[in-house]
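# Structure assessment
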Amino acid sequence: MSEDLLRIENLTTSFRIADHYYAAVDDVTLTVKKNEILAIVGESGSGKSALAFSIMGLHTKARIEGKVNYKGQDIVQMSPGMLNKVRGKEMSMIFQDPLAALNPLMIIGSQIDEVLLLHDTGLSKKQRKEKVLDLLTKVGIPRPEHTYHQYPYELSGGMRQRVIIAIAIANGPQLLLADEPTTALDVTIQLQILELIKKLKEDMQAGIILITHDLGVVSEMADRVAVMYAGQIVEIADIYTLTSNPQHPYTRSLFNSIPTVKEVKSRLHVIQGIVPSLKNLPRTGCRFAGRTPWIDASAHEENPQLHEIAPGHFVRCTCYRHFHFPDSTEEVGTDGIA
Amino acid sequence: MALLEVKDLQVHFPIRGGLFSRQVGEVKAVDRVNLAIEAGQTYGLVGESGSGKTTTGRAIIGLNQITGGSILFEGADLASKGARKQNNVRRDVQMIFQDPYSSLNPKKRVLDIIAEPLRNFEKLSPQEEMRKAQELLEQVGLSADNVLKYPHEFSGGQRQRIGIARAIALKPKLIIADEPVSALDVSVQAQVLNFLRDIQKELNLTYLFISHDLGIIRHMCDRIGIMYKGRHVEEGTPEDIFDNPRHIYTKRLIAAIPDIDPLQREVRNVFRRSVSEEYDNAYRSHFDQDGLAYPLRSISDTHMVAMPEKG
């Protein structure tokens, strides 16, 4: 296997609420290799986007502890000037909402050109224009010369997302963060964008972090998967192990709760209760315990750790050994807020 | 007789421009759509954004003016004037909206949100109203003492249930659910879908279920219609659509669904390439010169496909 491109060590990102800091990303350790897609899966509030923003150094008010090692440099310790040199060149991000990520007053061409200009590629104006057209072609935009002069509002959602990707890959980054890149798109367009990301990975040998809540997308794309719940990683494994042999109760519940076209379930599994808020997290016990009340309290461990149960397969807490689904998946009336 | 029968429904929107905002054209958002739903059944309307599925739903409940065709609800035509008033349609047809964050008025208490339809149609004393609202909350699985809270105090799934409580307050016969779970997390999604099925049995509800998520459609529906550019391209039972899709557009849509099994990646890739080739080759025989679908033709008792005469 190739060497690690990015090594995140004990990363904790905390936000201030009133007078206290609360960790939205709690002690996360991860690696990403070259030519690898690492998927981070979780529901809203699990901390997956906060993690991505920490890696990119985009948080301005958060307290960040731990290390984000990119090729031997620690991003957390970088000055804003240094960060600006790395971001958009060595590593870049594909944002979720393509309309919000583009400047509505600038033509597409200039928005891509800007990235080339800022990172001082030494290209002449003419060369840059050629490069921009080349990028537009690469991401599958049919009439690059025409689109170059268009404004974001003139493009469809799928086309805008392609422009975002063109900006992200303009300087040939080695690390690409894609935060829900297809959530706003229809399935047929989603497929085209996913194929494009896969192709870029192969062409550039880049490491990709794909953040999503869609297990279908994960199964199509990922080499390895990290499942996040309430700020922590609860399970990491390669994609084949994770889909065929998921261990953590949360991972198993997730897989059981999605309706698929292949398998018709009479009832979907419902995860009881709600994701605990940042303030009310059980900081010392198993964070998922509150949502599996039928599991005996002794199944969980104090300060749950990640256990390596097979090479490369990590599961947090001991409760996975004792987990089973309840006999009745009846949920109505059990999750009301009192 | 079907509870709801939509015949040749057309909804066109004018395009205005030029001097004095004259009408310079029109968008045929819904272009001769036919569908029928039996009481107690769920009809799924699928399509990509811009296919006209939401407009169809809104036209049925009266939120969009219809250009042509008829909507028969229990045999009465809703397109004729005054029909909606006379036939209790406004009580019997209700809607569940997509976004539980914007479809509940943030300044109203849960009580007022749920009781609003009751206030419009029934004369209840404040005590009766309160009791009814609490009953409805319990029916959707929320505790009755939530009745004086405001929407922001609830999670997404709970809000969607409040929207459902409002929709079932008048004991409707037909509920139009427009992407009811697409704004929710997977785990919450499961909760709301299960719940929609439970109350369907309990209250003998009929659903028109609008969604772009084919997994959810397969899970929920008895009959499925696939829409493209304002027209149906295929209609049938879930087995017809998913196991034996006949229209090239349906095939492409199904092939694009992400597969949950990573071991199938290669197989899927090969399959997708073949579907994509078929799409390019067979495009001319599946769409007319304007790129629109042909009228539906039956190919079995349950299965209809949009094909030209000789198909």
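The structure under discussion appears in the preceding block.
Every chain begins its residue count from 1, and numbering advances along the sequence as written. In the order they appear in the text, chains get letters beginning with A and ligands get numbers beginning with 1. Given that the model is predicted, a residue must reach a pLDDT of at least 70 before its local features are reported, and side-chain atom pairs must reach 80 or more before they are shown or counted; all residues, however, enter totals for whole chains, interfaces and linings. Working from all heavy atoms in the structure, the side-chain values ignore hydrogens and water.

### Considerations on helix α7 (residues 186–203) of chain B
All names here are of chain B. Here α7 is 18 residues long and its end C-alpha atoms lie 26 Å apart, about the 26 Å a rise of 1.5 Å per residue gives. Taking burial as the measure, the 18 residues of α7 include 13 buried ones, the bulk of the element. Note on conventions: DSSP H or I runs of at least 4 residues are helices, E runs of at least 2 residues are strands, and numbering of each starts at the N terminus. In the stretch just after α7, asparagine 204 is the one whose phi turns positive, near 50°. Take the residue count of a helix, subtract one, and multiply by 1.5 Å to get its expected span. The rule is simple: take the accessible area with a 1.4 Å probe, protein chains only, and divide by the maximum for that residue type; under 20% is buried, over 50% is exposed, in between is partly exposed.

### Looking at the interface of chain B and chain A
For this analysis, residues touch if any pair of their heavy atoms sits within 4.5 Å. Taken together, the contact pairs 43 residues of chain B with 46 residues of chain A. Together chain B and chain A conceal approximately 3,900 Å² of surface at their shared face, both sides included; 54% is due to carbon and sulfur atoms. Buried area: the accessible surface (1.4 Å probe) lost by two parts on joining, summed over both. Of all residues in chain B, the largest losses of buried area upon contact with chain A belong to Val186(B), Ile260(B) and Arg265(B), amounting jointly to 17% of the total for that side. In what follows, salt bridge is the name for a side-chain nitrogen of Lys or Arg lying within 4 Å of a carboxyl oxygen of Asp or Glu. Between chain B and chain A we count three salt bridges in total. With its nearest N and O atoms 3.1 Å apart, the salt bridge here joins Asp198(B) to Arg267(A). In the analysis that follows, any N or O atom pair within 3.5 Å is treated as a polar contact, provided that within protein one partner can donate a hydrogen and the other can accept it, and provided that, for residues neighboring in sequence, both atoms belong to side chains. Summed over the shared surface of chain B and chain A, the number is 14 residue pairs in polar contact (both at pLDDT 80 or more). Of all elements in the fold, only α6 (156–168), α7, α8 (214–220), α10 (248–255) and α11 (265–286) of chain B reach the threshold of two or more residues within the side of chain B that touches chain A. With nine residues, α7(B) is the single largest residue contributor to the side of chain B that touches chain A. Following the grouping adopted for this structure description, the nonpolar residues are Ala, Val, Leu, Ile, Met, Phe, Trp, Tyr, Cys and Pro, the charged ones are Asp, Glu, Lys and Arg, and the polar ones are all others, Gly among them. Classifying every residue of the side of chain B that touches chain A gives 15 nonpolar, 13 polar and 15 charged.

### Quick notes on the environment of Arg283(A)
Residue and element names in this part refer to chain A. As for its position among the elements, arginine 283 is in the loop between α11 (249–257) and β11 (306–310). Along the chain, arginine 283 and glutamate 302 lie 19 residues apart, while their C-alpha atoms are 9.9 Å from each other. When sequence neighbours within four positions are dropped, the list of residues in contact with arginine 283 reads Tyr22, Ala23, Asp26, Leu278 and Asn303.

### Description of the sheet that holds strand β4 (residues 63–70) of chain A
All names here are of chain A. Between any two strands, pairing holds if DSSP finds at least two bridges. Pairing is antiparallel in the open sheet, where four strands are placed in the order β2-β1-β4-β5. Each of the sheet's edge strands pairs with one partner strand only, and the pair in question is β2 (20–33) and β5 (73–74). The pairing of β4 with β5 spans two bridges and is classified as antiparallel. Directly across from tyrosine 70, in β5, lies its bridge partner glutamine 73.

### Re unusual backbone geometry
All names here are of chain A. Positive phi outside glycine occurs at glutamine 205, with the angle close to 55°. Structurally, glutamine 205 is set in the loop between α8 (187–204) and β8 (207–212). For glutamine 205, a relative accessible area of 41% corresponds to the partly exposed category. Backbone geometry places cysteine 317, a non-glycine residue, at a positive phi of 75°. Within the fold, cysteine 317 resides in the segment after β12 (313–316).

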